[in-house]
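The chain contents come next:
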Number of protein chains: 2
Amino acid sequence: VTETVWLDGRLTEEPALSPADRGFTLADGVFETIRCRAGVPLWLPDHLARLRHGASQLGIPLSLDDRLIARGIADLLAARGLAEAAVRLTLTRGPAAQRGLWPPGEPVRPTLLATAAPLRAPGPVRVTVARITRRNEHSPLSGMKSLNYGDNLIARREAAGRGFDDALLLNTSGALACASVANAFVRLDGRWRTPPLRDGVLPGLARARLLALLPAEEARVMPHDLARVEAMILANSLALTPVTALDDRDLGEVRLPEDELYGLPA
Amino acid sequence: VTETVWLDGRLTEEPALSPADRGFTLADGVFETIRCRAGVPLWLPDHLARLRHGASQLGIPLSLDDRLIARGIADLLAARGLAEAAVRLTLTRGPAAQRGLWPPGEPVRPTLLATAAPLRAPGPVRVTVARITRRNEHSPLSGMKSLNYGDNLIARREAAGRGFDDALLLNTSGALACASVANAFVRLDGRWRTPPLRDGVLPGLARARLLALLPAEEARVMPHDLARVEAMILANSLALTPVTALDDRDLGEVRLPEDELYGLPA
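For every chain, the first residue of its written sequence is number 1, and the numbers climb from 1 along that sequence. Written order decides the labels, with chains lettered from A and ligands numbered from 1. It should be noted that, the model being predicted, local features are given only for residues of pLDDT at least 70 and side-chain atom pairs only at 80 or more, the latter also being counted only at that level, while totals for whole chains, interfaces and linings use all residues. Where side-chain values are given, they derive from all heavy atoms of the structure, hydrogens and water being excluded.

**Student:** Would you mind going over the packing of helix H2 (residues 44-58) of chain B against helix H3 (residues 66-80) of chain B with me for this structure?
**Tutor:** The relative placement of two packed helices is expressed as an angle between their axes plus a distance between the axes. Residue and element names in this part refer to chain B. In this analysis an axis means a line fitted to C-alpha atoms, helices contributing only their contacting stretch, and an angle means the value between N-to-C directions, from 0 to 180 degrees. The helix count covers DSSP runs of H or I at least four residues long, the strand count covers runs of E at least two residues long, and both are numbered beginning at the N terminus. Contact geometry of H2 with H3 gives a least axis separation of 11 Å together with a crossing angle of 120°. For the element pair H2 and H3, the recorded crossing hand is right-handed. In this structure, H2 contributes Leu 44, Leu 48 and Arg 52 to the contact, and H3 contributes Asp 66, Ile 69, Ala 70 and Ile 73. Polar here means any residue other than Ala, Val, Leu, Ile, Met, Phe, Trp, Tyr, Cys and Pro, which are nonpolar, and Asp, Glu, Lys and Arg, which are charged; Gly is therefore polar. For the contact of H2 with H3, the per-class residue count stands at five nonpolar, no polar and two charged. Two helices that cross are described as forming a left-handed crossing if the nearer one is turned anticlockwise from the farther one by less than a right angle, and a right-handed crossing if clockwise. Any two residues having at least one pair of non-hydrogen atoms within 4.5 Å are treated as being in contact.

**Student:** How should I be thinking about the relation of the copies chain B and chain A in this particular structure?
**Tutor:** Relating the two copies of this chain is a rotation about some axis coupled with a shift parallel to it. In screw terms, the move from chain B to chain A is a rotation of 180° and a rise of 0.0 Å along the axis, fitting with an RMSD of 0.0 Å. The superposition operator between the copies reduces to a two-fold rotation axis. Within chain B, B:Phe24 has its C-alpha nearest the rotation axis, a separation of 2.1 Å. Both copies present the same face, since 100% of the interface residues in chain B are matched by interface residues at the equivalent positions in chain A. In this comparison the copies share one frame, found by least squares on the C-alpha atoms of residues holding pLDDT of at least 70 in both.

**Student:** For this particular structure, what's the right way to read the environment of B:Leu197?
**Tutor:** Residues and elements named next belong to chain B. Within the secondary structure, Leu 197 sits in the loop between strand E11 (191-194) and helix H5 (205-213). Taking the C-alpha atoms as reference points, Leu 197 and Val 229, 32 residues apart in sequence, are found 20 Å from one another. Look past the residues within four positions of Leu 197 in its chain and what remains in contact with it is Leu 202, Pro 203, Arg 207 and Glu 218.

**Student:** Whenever I open this one, the environment of A:Ala179 confuses me. Can you help?
**Tutor:** Residues and elements named next belong to chain A. Relative to the helices and strands, Ala 179 is located in strand E9 (residues 176-179). Placed 83 residues apart in sequence, Ala 179 and Ala 96 show a C-alpha to C-alpha distance of 33 Å. Look past the residues within four positions of Ala 179 in its chain and what remains in contact with it is Asp 166, Ala 167, Leu 168, Leu 169 and Leu 234.

**Student:** Help me understand the sheet that holds strand E1 (residues 5-7) of chain B in this model?
**Tutor:** Hydrogen bonding along the main chain pairs the strands of a sheet, whether they run parallel or antiparallel. All names here are of chain B. The rule for pairing is simple: two strands pair if DSSP sees at least two bridges between them. Ordered in space as E2-E1-E6-E5-E3-E4, the six strands form an open sheet in which the pairing is antiparallel. If you trace the sheet from one side to the other, it starts and ends with strand E2 (10-12) and strand E4 (40-41), each paired once. Lying over the sheet, H2 contacts strand E3 (29-37), E4 and strand E5 (85-92), oriented at roughly 175° with respect to E3. The strands that H3 touches are E1, E2, E3, E4, E5 and strand E6 (111-118); relative to E6, the one it contacts most, it runs at about 40°.

**Student:** Any chance you could explain the side chain of B:Asn152 here in plain terms?
**Tutor:** Relative to the assigned elements, B:Asn152 resides in helix H4 (residues 150-161). Classification of B:Asn152 as buried rests on a relative accessible area of 6%. Not counting residues within four places of it along the chain, the set of residues in contact with B:Asn152 comprises A:Leu101, B:Arg135 and B:Ser180. Only protein chains enter the accessibility calculation, which uses a 1.4 Å probe; a residue is then buried when its area is under 20% of its type maximum, exposed when over 50%, and partly exposed in between.

**Student:** Can you walk me through unusual backbone geometry in this structure?
**Tutor:** With the exception of glycine, most residues fall at negative phi, and the peptide bonds are largely trans. With an omega of -15°, the peptide bond between A:Leu214 and A:Pro215 qualifies as cis. Relative to the assigned elements, A:Pro215 resides in the loop between helix H5 (205-213) and strand E12 (216-218). With phi around 50°, B:Asp8 is a residue other than glycine that occupies positive phi space. Of note, B:Asp8 is situated in the loop between E1 and E2. Residue B:Asp8 is classed as partly exposed on the basis of its relative accessible area, which comes to 42%. Unusually for a residue other than glycine, B:Ala38 sits at a positive phi of about 50°. Structurally, the position occupied by B:Ala38 is in the loop between E3 and E4. Take B:Ala38: its relative accessible area is 43%, and that puts it in the partly exposed class.

Following this line, the structure appears as structure tokens:
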């Protein structure tokens, strides 16, 4: 199926990426996933600030200003006829002028792509702790929404293979970092906590807001803590997801502060 | 510039990847870089075996058999008029049928791409140890030639910013893992060694051969070892690269066993 996307500043129904795009060959880029309600992208300034911060850490220039990107997203939603949507913005260093890791060759012409999909509310999930991979808290990538999703993918696939809906990732020191596509909040002794950024955690936009809302504190979560958590919520920019079980242990029900977090439905 | 590539089983001068390709969106794939001499791909069975092994670890099917892939590479080299070349084979899970990390949606139609470039002999390099990132020896990705090259890229970019040609990466335990696109061999007390696979090392095809050729042993290399290495070689499937300096310290000259490793020039 051909779907309209917004690519390098214009809408197109026939998007084509170069096979030399360094996003494709080397995961050389960053992205954001943005919830849209009634056609309005939520937290857009924060998403764009994080995109720009990640891009600057990788040395990828982004000349388009925020207003043009916002206009592109609005045009995309209109063209797709979507109001409740998940918009993904992907920024890569663009097609390489020569092969090899670095330097990328000049001139750099970054690729900026926006795609949209209908928003689907996630159901409750049963999670397990990934065994075959760890999140690298020693890499700047763990604090960036980079294209390098291999570990998340491996963890999620392992969980699915063992009959679970999602995976929790530990970092290389053995502390909880996050779920495969979300930050994790756990309730222990009646108090909410979420792992600190230094444990290899993406600074999630929903995470920052939920910290204040629940309220929760930032504190390390070790496997012996996980063994006795009373409740768990997964949070990302698209949704809050209730966790009903961790491995074979049922967790408590939680009232999700959906409307407080994402705003009231239109 | 438009260059012929081999994509999904045929040569094309107008290659177009889908923006939904999971190689692009999630680094969901693996690749190989293959040296060709006089139009013949070196070590092709080993490259294809490693590609298939990585693909199976990620659950990416590859239905094309080795002979068809070999024919595709031959056709590509002929079309490009290249005899001494670097061929890159990239395999991804292909375009996603739905957004999200997992499941990828059915049916899976993997993308298999071969591109070719003239082979260039690397010059000698000066290297430094990356400070801002580490290689994750706890991830299966470190043993796979996956598309997740973000840490290598960050390390290489840091080294370039500090005036060096390449970066050595330590793992999260502080042991040497590799250079940004090659395995590392160091001479200590007159004996060659290279880090063991468990330290987060790609099982390089040149590495395996050089272990026998030099000969070298597999043994952990710590920063205090690096401080006194006498010589260093970087090795990958394309070339051996002599290292002339580590940080501000000059290293000894080395005779590179080029012909023994890659075969005599045509």
